[in-house]
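Descriptive analysis of the structure
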Amino acid sequence: MTQCTAQKLNAIRQQMEKQNLDAFIVPRADEYLGEYVPAHNQRLFWCSEFTGTAGSVIILKDRAAIFVDGRYTIQVKQQVNAKLFEFYHLIDTPHIAWLSEQLPQGAKIGFDAKVHNLNWYKASLKTLSEKQMQLVAVKNNLVDMSWNDRPTPTQHEGLLLDQKYTGLSSLAKRQKIGLDIAKKGADAALISALDSIAWLLNIRGKDIHCFCVILGSAVLKKDGSMIFFADPAKIPTGFHEHVGEGVTLAQESDAAATYQTLGEQKLTILADPETSNAFSQLTAEKAGATLIAGLDPVAMPKACKNDVELYGMQQAHIRDGASEVRFLHWLETEVAQGHLHDEGFLSDKLTTFRETNEHYVELSFDTISAAGSNAAMCHYNHLNGTPAVLPMNSLYLVDSGAQYLDGTTDITRTVAIGTPSAEHKKMFTLVLKGHIALANMKFPAGTSGSQLDALARQFLWQQGYDYDHGTGHGVGCFLNVHEGPHRIAKNANTVPLQVGMVVSNEPGYYKQDGYGIRCENLIYVADKGLANDGKKFYQFETLTLVPFDLRLIERTLLTKEEINWINTYHAEVNEKIAPLLTGSDLEWLRKATQAI
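A quick note: this is a predicted structure, and the numbers were derived from the prediction, not measured. (Residues numbered from 1 in each chain as written. Predicted model: local features only at pLDDT ≥ 70, side-chain atom pairs only at ≥ 80, totals over all residues. Heavy atoms only, no water.)

**Concerning the domain arrangement of the protein**
With domains assigned, the protein is organised as domain 1 (5-146), domain 2 (159-302) and domain 3 (304-588). Computed over C-alpha atoms only, the centres of domain 1 and domain 2 are separated by 28 Å. Every contact between the two is made by 14 residues of domain 1 and, on the other side, 18 residues of domain 2. Interface of domain 1 and domain 2: buried area, both sides summed, is about 1,400 Å²; carbon and sulfur atoms make up 67% of it. When the buried surface of domain 1 facing domain 2 is broken down by residue, Tyr 32, Tyr 36 and Leu 118 rank first, second and third, together holding 44% of it. On inspection of domain 1 and its partner domain 2, the count reaches nine residue pairs in polar contact (both at pLDDT 80 or more). Looking at the side of domain 1 that touches domain 2, its residues break down into eight nonpolar, four polar and two charged. (Domains from an automatic or database assignment. Contact = heavy atoms within 4.5 Å. Buried area = accessible area lost by both parts, 1.4 Å probe. Polar contact = N/O pair within 3.5 Å; in protein donor to acceptor, adjacent residues only side chain to side chain. Nonpolar A, V, L, I, M, F, W, Y, C, P; charged D, E, K, R; others polar.)

Pasting the structure below:
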């Protein structure tokens, strides 16, 4: 029987009463702590109807509140019932700090240790303890106990990814990272990030929409041996031959006993307190293990693409770029003929251009197909309501990408529908200037993304504008389209940008109830031999090959150097994409990449 939101909250409150809890916390994350969550673990959505990729709900006995970041402040009010929930910005009003002010001393706060990381647990415990409140770990998640029509987990068989795409064997990766674990003084590491496991074993899966992984967790020992906890039915034939010696398969239900054993053996365990759930670490520690807090040892090797991976990414972007060009040409032709389609049709049409490409697997995320004012929500999804029709003399923002066997793509283009206004052109050009400034930057080795973020915002800032999201996120190779540990954002991030890292370059501007603009390419860190006074300098090379809409560029706002960058970039787009096009598509590309 389908439950309405009020019934769902009441069901959770009934479970709270049985366990003598005054509140229960429901994060967006599931047991694997990733951004993308399979349908059967969409607990936040189930109890609130909110579809965003970040947020938390706190359920009290007679109230509930939802906390989201700046990307979703508009969306949350459209999706979530204001009669049932209070709305808060999780940066301005941190949810645990808020909670500590709502209840009296002695209150008991329930949480599931499997869906929170250790850092969250320690910080929350400190905040609540200072108010004499208890943080109580529940044995079973209260949402799961209340969810009477919970979807069945998928049962897709995984894929063994050939070394011609990965560049290294699983055994070579595990042995190298095992040595890194030993250097840190640990006997083993908890590997919880799903993309880390997939990269380490050279396998991919279909357990999460657009995220090519198999659900599970792992323990990697310093000798390179590994225990992989996953559903054996999803493991393809030939797995052990593919990964090489030293990999043991076990059921996910066996993981807790293994953490207990690691503790009883008094081992020293390396674990990332941000990416590994609190349950695994607390179980091992309570049993006698010594925990060493450190970055997931797979994260940096995975982020720094090897030559084979970079070549694959380049080839995937050429094929993907040709598909995007065919779509943009088709779109311009349709608009000129008076055919104004809705967002859903446009999204599906773009997918049809992509899915015939060599090595195509699936989309890398749900396409953001946003017409007019809908683009003011930077993570808008037309699937959450009735897709809007393109209005004339407006902007259309399309953020899309694909997973290929040899790489992952992510691109945003903002397109003029009809005649753009002077304001449209001004704001687009300010955003593009920031994009160019970041793309052109040379920086000393050791520089982090947070040190470069202001480059992309400077022209907006000078006129009193900004955007409420990061400028760039890491991107995996046939893996997570939002990959860590590096990023380019205002928030402090000390991870240095290293050779081979792929990151997005996507400044934007969003006028509420008006329009949205974003200019996104993927770029990677390259060492071109620049060095002075013994200090190496790196620079960015661009992967994405799709023209920007020349109709939206206000040339008078550009410097000679910026004009030269646009012309040089468009010449490269033409050179590399033209061989894949014919006829009117090729003619359109020539026009779209002409010098300004």
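**What to know about the side chain of Gln 281**
Position of Gln 281 relative to the elements: it lies in helix H12 (residues 278-286). Look at Gln 281 and you get buried, because its relative accessible area is 2%. Side-chain polar atoms of Gln 281 contact the backbone oxygen of Asn 277, separated by 3.3 Å. With residues up to four places along the chain from it excluded, the contact list for Gln 281 reads Leu 118, Leu 190, Ala 271, Asp 272, Pro 273, Ser 276 and Leu 291. (Helix = DSSP H or I, 4+ residues; strand = E, 2+ residues; numbered from the N terminus. Buried < 20%, exposed > 50% of the residue type's maximum accessible area, 1.4 Å probe, protein only.)

**Some details on the pattern of salt bridges**
When their charged atoms lie close together, side chains carrying opposite charge are able to pair. Counted by the stated rule, this structure contains 29 salt bridges. Between Asp 144 and Arg 150 there is a salt bridge, with the nearest N and O atoms lying 3.5 Å from each other. Among the residues examined, Arg 150 registers a relative accessible area of 30% and is labelled partly exposed. Here Glu 572 ties to Lys 576 by a salt bridge, and the two come within 2.9 Å at their closest N and O atoms. Of this pair, Glu 572 and Lys 576 both sit in helix H18 (residues 560-577), four residues apart, which is roughly one turn of the helix. Residue classification places Lys 576 among the partly exposed residues on the basis of a relative accessible area of 35%. (Salt bridge = Lys/Arg side-chain N within 4 Å of Asp/Glu carboxyl O.)

**Looking at the nonpolar core**
In this structure, Phe 327, Leu 331, Leu 390, Tyr 396, Phe 428, Leu 432 and Ile 577 are the most contacted members of the largest nonpolar core, which totals 61 residues. In this view, Leu 390 contacts Leu 331, Val 335, Leu 340, His 341, Leu 346, Ala 371, Tyr 396 and Ile 417; residues no more than four positions away in its chain are not counted. (Core = buried A, V, L, I, M, F, W, Y, C linked by side-chain atoms within 4.5 Å.)

**Things to note about the side chain of His 317**
Looking at where His 317 falls in the secondary structure, it is placed in helix H14 (residues 307-336). Classification of His 317 by relative accessible area gives buried; the value is 3%. Residue contacts for His 317: discarding those within four places in its chain leaves Thr 408, Thr 409, Asp 410, Leu 522, Leu 543 and Thr 544.

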